[in-house]
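Structural characterization, general
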Amino acid sequence: MITGEHAVIRSAEPDDAFALWQLYDPGVPRAFLLGPSREVMIPTIDEVREMLGRRDIVMGTFFAVEDKTGEVCGCCVLRGSKSESDYAEIVLVFGNDEHYASNLAEEVFQFILRTAFIDKKMNKLQSHCISSERAYRAFLAARGFESDGVQRDMVYTKGQYFNLESLTLFREEGLKRLKEPLHEAEASTA
Amino acid sequence: MKLKLRRPERRDLDVIVDWLGDPAFRRFLYGDNERIKQQMGSHILALLGGAMSMPSSTAGHFVCAAEDRGPVGLASVQDLSWRNRSCAVSVYAAGVVESERFYQSAFRAMVEYCFDELNLHRVSARVDSTNDAAHKALEGLGARREAVLRGHGLRDGSPCDVYGYGILRAEFDAARGQTDDSNATAGVAHGA
């Protein structure tokens, strides 16, 4: 568990299923919703709970983000972060887009930097944005992520095609942006 | 080079097992993650089963056979999404001398198959930044280089760039309308 000034970041648990399931809002197209083959996937609460119960999948990769009131307001995920990989795909999603411009989001970003570039010694982080995800893209761009390009008509949902942009942050740039480490609680579970 | 793309069969087993000695072929099958021999063996047997005919499948392979030489490469459809009406294609050339013509024929046949038979809207392809023959082939079909994924692959332990191409059905139709199809040199066999 990581306790910051604005956020608490901890390994997601089966009890978080309902709160995290609410982030899978099909009304708002997001790269977060994309599964294999880049299809929009909307799991049931039971499926989310079952996934969170699999420690081999969740441990060290799927984190719940709480605000200081103790409400789960988002999550961050490092997809494909295996030891043989040199990079991971990150997903940072909040139920409310306004969080992307908050200090809470910056604390989560610092946690991601430390996990990816110091703990896992990765070479780069990649993230994807659907063309409508303006707040998330602005968040990434302001933190050094650079666009690799836009794949046209990649995702079909809500009766139309959306483009999908890939953005990358390399280790060297990421380490420059690392601030003071967050305080790690004694009873760490992350 | 006259190419025919067809589903793999048992008779292709020896050739495909030989190709496993080529790092480029293993990358074609598994990306940068090497597999152990047992995993590769079961995967090859599954590949020969040719799952592309099953409507629920999301991937399939085709042997690229030259008229005078037999199998000279393998092509694949991956990440097939009926919802997005899209997929990714890739092509492996097994030491083909005329690589530029081979890639032209193989990619053309695969893209035609995706649009004309699978009725897709978009086809993607990821190609190493050093594979000029594949770039030319894709761009000749009307595909656009949409993304440059920096340091995305590993070659001999060093990061290398990967180009992401995309072509929409309307673009392919337009490009096809400007070329003379009477000289087409490849196609996917019936029953694929």
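Just above sits the structure.
The paragraphs below set out a description of the structure included in this document. Treat the numbers as computed from the prediction; the structure is a model and nothing was measured. (Residues numbered from 1 in each chain as written. Chains lettered and ligands numbered in written order. Predicted model: local features only at pLDDT ≥ 70, side-chain atom pairs only at ≥ 80, totals over all residues. Heavy atoms only, no water.)

**Here we look at the interface of chain B and chain A**
Of the residues lining the interface, 24 residues belong to chain B; the matching set on chain A comes to 24 residues. It is Arg-83, Asn-84 and Arg-150 of chain B in chain B that bury the most area against chain A; as a group they hold 33% of the surface buried on that side. Seen at the junction of chain B and chain A, the total is four salt bridges. Between Glu-171 of chain B and Arg-152 of chain A there is a salt bridge, with its nearest N and O atoms 2.3 Å apart. Scanning the region where chain B abuts chain A turns up 19 residue pairs in polar contact (both at pLDDT 80 or more). If you list the elements that add at least two residues to the side of chain B that touches chain A, you get strand 3 (70-81), strand 5 (122-128), strand 6 (144-155) and strand 7 (158-168) of chain B. Here the side of chain B that touches chain A takes eight residues from strand 6 of chain B, the largest share from any one element. Residue classes in the side of chain B that touches chain A are distributed as eight nonpolar, eight polar and eight charged. (Contact = heavy atoms within 4.5 Å. Buried area = accessible area lost by both parts, 1.4 Å probe. Salt bridge = Lys/Arg side-chain N within 4 Å of Asp/Glu carboxyl O. Polar contact = N/O pair within 3.5 Å; in protein donor to acceptor, adjacent residues only side chain to side chain. Helix = DSSP H or I, 4+ residues; strand = E, 2+ residues; numbered from the N terminus. Nonpolar A, V, L, I, M, F, W, Y, C, P; charged D, E, K, R; others polar.)

**Some points on the packing of helix 4 (residues 99-117) of chain B against helix 6 (residues 169-177) of chain B**
Think of two packed helices as two axes; the pair is described by the angle between the axes and how far apart they sit. Residue and element names in this part refer to chain B. Where helix 4 contacts helix 6, the two axes come as close as 11 Å, and the packing angle between them is 125 degrees. The pairing of helix 4 with helix 6 is recorded here as oblique in orientation. Of the two elements, helix 4 crosses helix 6, and the hand of that crossing is left-handed. Listed contacts from helix 6 to Arg-108, Val-111, Glu-112, Phe-115 and Asp-116 of helix 4 are Arg-169, Phe-172 and Arg-176. Tallied by class, residues from the contact of helix 4 with helix 6 come to three nonpolar, no polar and five charged. (Axes fitted to C-alpha atoms, helices over the stretch in contact; angles between N-to-C directions. Parallel < 35°, antiparallel > 145°, perpendicular 65-115°, else oblique. Left-handed = near helix turned anticlockwise from the far one by under 90°.)

**Looking at the pairing of strand 7 (residues 146-157) of chain A**
Residues and elements named next belong to chain A. When strand 7 meets strand 8 (residues 160-170), the two strands line up antiparallel, connected through eight bridges. Residue Gln-151 lies in a different strand from strand 8, and its bridge partner there is Leu-164. Here strand 7 folds back onto strand 8, and the loop between the two strands holds two residues, one of which, Lys-158, carries a positive phi near 55 degrees. (Pairing = 2+ DSSP bridges.)

**With respect to the packing of aromatic side chains**
Each pair of aromatic rings is reported with the distance of its centres and the angle of its planes. Residues and elements named next belong to chain B. Overall, the coordinates contain 18 aromatic pairs over all chains when judged by the stated rule. For the pair Trp-19 and Tyr-92, a centre-to-centre distance of 5.6 Å together with 65 degrees between the ring planes defines the contact as edge-to-face. Residue Trp-19 is located in helix 1 (residues 13-19), and its partner Tyr-92 is located in strand 4 (residues 86-93); the two are separated by 73 residues in the primary sequence. Using a relative accessible area of 9% as the deciding quantity, one classes Trp-19 as buried. A relative accessible area of 4% means that Tyr-92 is categorised as buried. Note on Phe-25 and Phe-28: the rings are 6.0 Å apart at their centroids and 15 degrees apart in plane angle, and the pair reads as stacked. You can see Phe-25 and its partner Phe-28 sitting in helix 2 (residues 23-30), three residues apart, about one turn around the helix. With respect to burial, Phe-25 and Phe-28 carry one shared label: buried. (Phe/Tyr/Trp six-rings, centres within 6.5 Å; stacked < 30°, edge-to-face > 60°. Buried < 20%, exposed > 50% of the residue type's maximum accessible area, 1.4 Å probe, protein only.)

**Some thoughts on helix 5 (residues 134-141) of chain A**
Residue and element names in this part refer to chain A. Taken as a whole, helix 5 has its buried residues at Tyr-136, Phe-139 and Leu-140. Considered in projection along helix 5, the buried side chains sweep an arc of 95 degrees and stay on one side of the axis. Buried-residue contacts for helix 5 involve strand 5 (87-94), helix 4 (103-119), strand 6 (124-130) and strand 8. (Arc of directions from axis to C-beta.)

**A closer look at unusual backbone geometry**
Phi at Lys-121 of chain A is positive, roughly 50 degrees, even though this residue is not glycine. Mapped onto the elements of the fold, Lys-121 of chain A is located in the loop between helix 4 and strand 6. With phi around 60 degrees, Asn-119 of chain B is a residue other than glycine that occupies positive phi space. Topologically, Asn-119 of chain B is positioned in the loop between helix 4 and strand 5.

**Let's talk about the environment of Ala-93 of chain B**
Residue and element names in this part refer to chain B. Among the structural elements, Ala-93 can be located in strand 4. Ala-93 sits in the buried class, given a relative accessible area of 17%. The spatial distance from the C-alpha of Ala-93 to the C-alpha of Phe-115 is 23 Å, given a sequence separation of 22 residues. Setting aside residues no more than four positions away along its own chain, Ala-93 makes contact with Val-72, Phe-102 and Tyr-103.

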